[in-house]
Amino acid sequence: MENTNVPMAKRLIGIGLAIVCLAIGFLVPGSEALSHQGATALGILGALVALWVTSALPLGATALLVVVLCPVLGVVDNLGKAIGGFASPALLFIIAVFSMPVIMLKTNWGVRLINALIGWTGANSRKLVLGFMCATTLVSTVMSDVPCTVLFLGFALTILKAADAKPLQSNLGRCLMIGIPIAAVTGGMATPAGSSFNVVAMNILQQATGTSISFLDWVLVALPVVIIMTPICWFFITAILKPEPIADSCLQGIRDQAAGAKKIEAYEVKAILVIGAMLVLWIVGNWVPVLNATVVALIGLTVMFLPGMDLLTWKEFQGSVPWGIVIMCGTIMSMGGVVEATGGAAFLAGAISGSGVMDLGFFAAFALLLALIYLLHTVCPIGVAILGIFLPIMITLCAGFGVSPAVPTIALAVVVAGNYLMPVNPTVMLTYGEGYYTFGDMFKDRHRSLGGPRAHHGRLDAVHRGGHGLVRRPSLSQAPRVQGPRNRYGSGVLLRAGREAATPLGQGLPAGRPVPLCGRRPGAHPSLTPRRSPPRCS
């Protein structure tokens, strides 16, 4: 069960808060500023957040309950209007792109990449951390954050165990365990396919304005920020934590793995060609509208099953999709449309405008709102819900200033994905569980390197000043995450129907049916082979 580790008291508090939110929303009379349906919709949204934050019910069950409440409480006329988000192409995109990490984790491309980096870094520990972060950032642009983190976590643990790097004693261990998930999250910002938050934000934009952002336009805005943020984060991580030197012999394990993977198998060629072709088609879709991100993702998924390709079995794919997360995303998209249609978003935007915040001017007010949302997400990590609540509001506010709706869309997606001030982001939790660093280590490092998000705000300022050409007709993109638990030896990866980055803090890993991605064929990823006796440096 998804909730078994959540205290009963916490669950009951969440249910009580949800009931209060529903009662307040339903009992508020309609007015010129906000209709009764709008107030009830906001009450339902509040109940949704309360249930998710406290993990009172499983994510999927909460999402389905909220959808049913809309027609029951009279917010919409029928259930069909309450589930409009489930008909979105973005949801099909979310499902289809789960195939990419599955096939990549069955190849040896990762170990070859790491071996090439080690050839450049040698035994220089600071360069080693930079190499790991750059490689993780690169792969995360096309692979979702969690499997990308799991992949490079296995490589890092091989080196740390060979170097006899003790948890809470090794600064090299701290640097790698903090740097890898931060690089994965940062890389996910670069493309729409890098994070589920990106596609959810783009879908909310399409519902609110009828327009979207093309794959290439997103990359043109976000990629320069990612290129800047990665070395900035690396500099502060290694300058503050100062990794200890490492013997060259400790890297021999990776070299041995790469030596055994010199032969490129036919499966690996097919996998890289399919993913490369999808990337090319996503970019071509900037000029060929029919090749939007969803169409390309579905074509790519189909090709993986073709005779002669056989990159994926249906059982592997079916088991790797976290269906609870898919339902959750569909509900948020649906609720965003309901709140917008009933006037709830306009009411909240008016309330913020009336508070005097907007008197500060657009850029100051925009930065202040992003900072408040960032802090809220730090203590309440429910990113998809935060997007559903705040993005329609910020789009409305920006429209009042004549600002392109692409600005809040990209900015808010980056804020909720890039929240790693403390290890409450599930991607960061993967390495936190290895015990190499503490909450204090993460906070000490991250609050000094928050220049990265500020750099992104500056980039969006440039987009705003440069005109509104960024927003185009529908072109949806995204790639969610597959949660991948790993054993205590940093290997033997199993991917299962995992938890999205929007999962509330404190909720345990779901008990989905595991889908082994190693040992399925000869030549499977060497780093995924269980090893109970890690080599020592001589």
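Below, the structure is looked at part by part. (Residues numbered from 1 in each chain as written. Predicted model: local features only at pLDDT ≥ 70, side-chain atom pairs only at ≥ 80, totals over all residues. Heavy atoms only, no water.)

Quick look at unusual backbone geometry now. At lysine 242, a position not held by glycine, the phi torsion is positive, near 50°. Tracing the backbone through its elements, the reader meets lysine 242 in the loop between helix H12 (215-241) and helix H13 (252-259). Positive phi outside glycine occurs at aspartate 310, with the angle close to 45°. Assignment of secondary structure puts aspartate 310 in the loop between helix H15 (293-305) and helix H16 (314-320). (Helix = DSSP H or I, 4+ residues; strand = E, 2+ residues; numbered from the N terminus.)

Of the pockets and cavities examined, the second largest pocket occupies roughly 330 Å³. Met104, Trp109, Val139, Val142 and Ile272 are, among the 17 residues lining the second largest pocket, the residues nearest its centre. Counting residues per element, the lining of the second largest pocket draws most heavily on helix H14 (residues 266-284), at four residues. Tallied by class, residues from the lining of the second largest pocket come to twelve nonpolar, five polar and no charged. (1 Å grid on protein atoms, 1.4 Å probe; cavity = no way out; pocket = protein on both sides within 12 Å on 5 of 7 lines; lining within 4 Å. Points joined across faces, edges and corners; volume = space filled by probe spheres on them. Nonpolar A, V, L, I, M, F, W, Y, C, P; charged D, E, K, R; others polar.)

What follows is about empty space enclosed by the protein. In the structure shown here, the tally under the stated rule is six cavities of 30 Å³ or more. Around the second largest cavity, the lining residues are Met358, Phe362, Ala365, Phe366, Leu369, Met394, Leu397, Cys398 and Phe401. Counting residues per element, the ones that place at least two in the lining of the second largest cavity are helix H19 (362-379) and helix H20 (383-400). Looking at the lining of the second largest cavity, the element that brings in the most residues is H19, giving four residues.

Let us look at the packing of aromatic side chains. The description of two aromatic rings rests on the distance between their centres and on the angle between their planes. Applying the stated criterion to the full structure yields nine aromatic pairs. Ring geometry for phenylalanine 235 against phenylalanine 236: centres 5.5 Å apart, planes inclined by 80°, an arrangement best described as edge-to-face. Residue phenylalanine 235 is classed as partly exposed on the basis of its relative accessible area of 44%. Among the residues examined, phenylalanine 236 registers a relative accessible area of 25% and is labelled partly exposed. Each ring, one from phenylalanine 362 and one from phenylalanine 366, has its centre 5.3 Å from the other, and the planes form 20°; the classification is stacked. (Phe/Tyr/Trp six-rings, centres within 6.5 Å; stacked < 30°, edge-to-face > 60°. Buried < 20%, exposed > 50% of the residue type's maximum accessible area, 1.4 Å probe, protein only.)

Let's shift gears to the packing of helix H18 (residues 344-354) against H20. The N-to-C vectors of H18 and H20 enclose an angle of 60°; their axes lie 8 Å apart at closest approach. The pairing of H18 with H20 is recorded here as oblique in orientation. Handedness of the crossing formed by H18 with H20: right-handed. Contact with H18, carried on its side by Ala345, Leu348, Ala349, Ile352 and Ser353, involves Pro392, Ile393, Thr396 and Leu397 of H20 and no other residues of that element. Across the contact of H18 with H20, the residue classes tally to seven nonpolar, two polar and no charged. (Axes fitted to C-alpha atoms, helices over the stretch in contact; angles between N-to-C directions. Parallel < 35°, antiparallel > 145°, perpendicular 65-115°, else oblique. Left-handed = near helix turned anticlockwise from the far one by under 90°. Contact = heavy atoms within 4.5 Å.)

Together, Met8, Leu12, Ile15 and Ile19 make up an exposed nonpolar region whose accessible area comes to about 390 Å². On the secondary structure map, methionine 8 appears in helix H1 (residues 8-27). On the basis of relative accessibility, which here comes to 52%, the residue methionine 8 falls in the exposed class. (Patch = residues over 30% accessible without salt bridge, like charges linked within 9 Å, V, L, I, M, F, W, Y side chains within 5 Å. Areas by Shrake-Rupley, 256 points an atom, 1.4 Å probe, with all protein chains shown as cover. Salt bridge = Lys/Arg side-chain N within 4 Å of Asp/Glu carboxyl O.)

All right, on to the packing of helix H7 (residues 109-121) against helix H8 (residues 125-140) then. Axis separation between H7 and H8 bottoms out at 9 Å; the angle between their running directions is 150°. By the criterion of interaxial angle, the relationship of H7 to H8 is roughly antiparallel. Classified by chirality, the crossing of H8 by H7 is right-handed. Residues Leu113, Ile114, Leu117, Ile118, Trp120 and Thr121 of H7 form the contact with H8, whose participating residues are Lys127, Leu128, Leu130, Gly131, Phe132, Ala135 and Val139. Within the contact of H7 with H8, the residues separate by chemical class into ten nonpolar, two polar and one charged.

Quick look at helix H17 (residues 323-341) now. Its 19 residues place the ends of H17 27 Å apart at the C-alpha level, agreeing with the 27 Å of an ideal helix rising 1.5 Å per residue. Where H17 terminates, the next one or two residues include glycine 343, which has phi positive at roughly 90°. (Expected span 1.5 Å × (residues − 1).)

Turning our eyes to something else, we now look at helix H3 (residues 59-72). Note that an α-helix has 3.6 residues per turn; residues three or four places apart therefore point the same way. The end-to-end C-alpha distance of H3 is 20 Å, a good match for the 20 Å that 14 residues give at a rise of 1.5 Å each. The secondary structure elements touched by the buried residues of H3 are H1, helix H2 (36-53), helix H4 (79-82) and H17. Backbone geometry just after H3 places glycine 74 at a positive phi near 85°.

Bringing the pattern of salt bridges into the picture now. Scanning all chains against the criterion turns up four salt bridges. Residues aspartate 77 and lysine 81 are paired through a salt bridge, measuring 3.0 Å at the closest nitrogen-oxygen approach. Judged by relative accessible area, aspartate 77 falls into the exposed class, the value being 66%. According to the relative accessible area criterion, lysine 81 is partly exposed, its value standing at 48%. Residues glutamate 268 and arginine 112 are paired through a salt bridge, measuring 3.0 Å at the closest nitrogen-oxygen approach. In this pair, glutamate 268 sits in helix H14 while arginine 112 sits in helix H7, placing the two residues 156 residues apart along the sequence. What makes glutamate 268 buried here is its relative accessible area of 0%.

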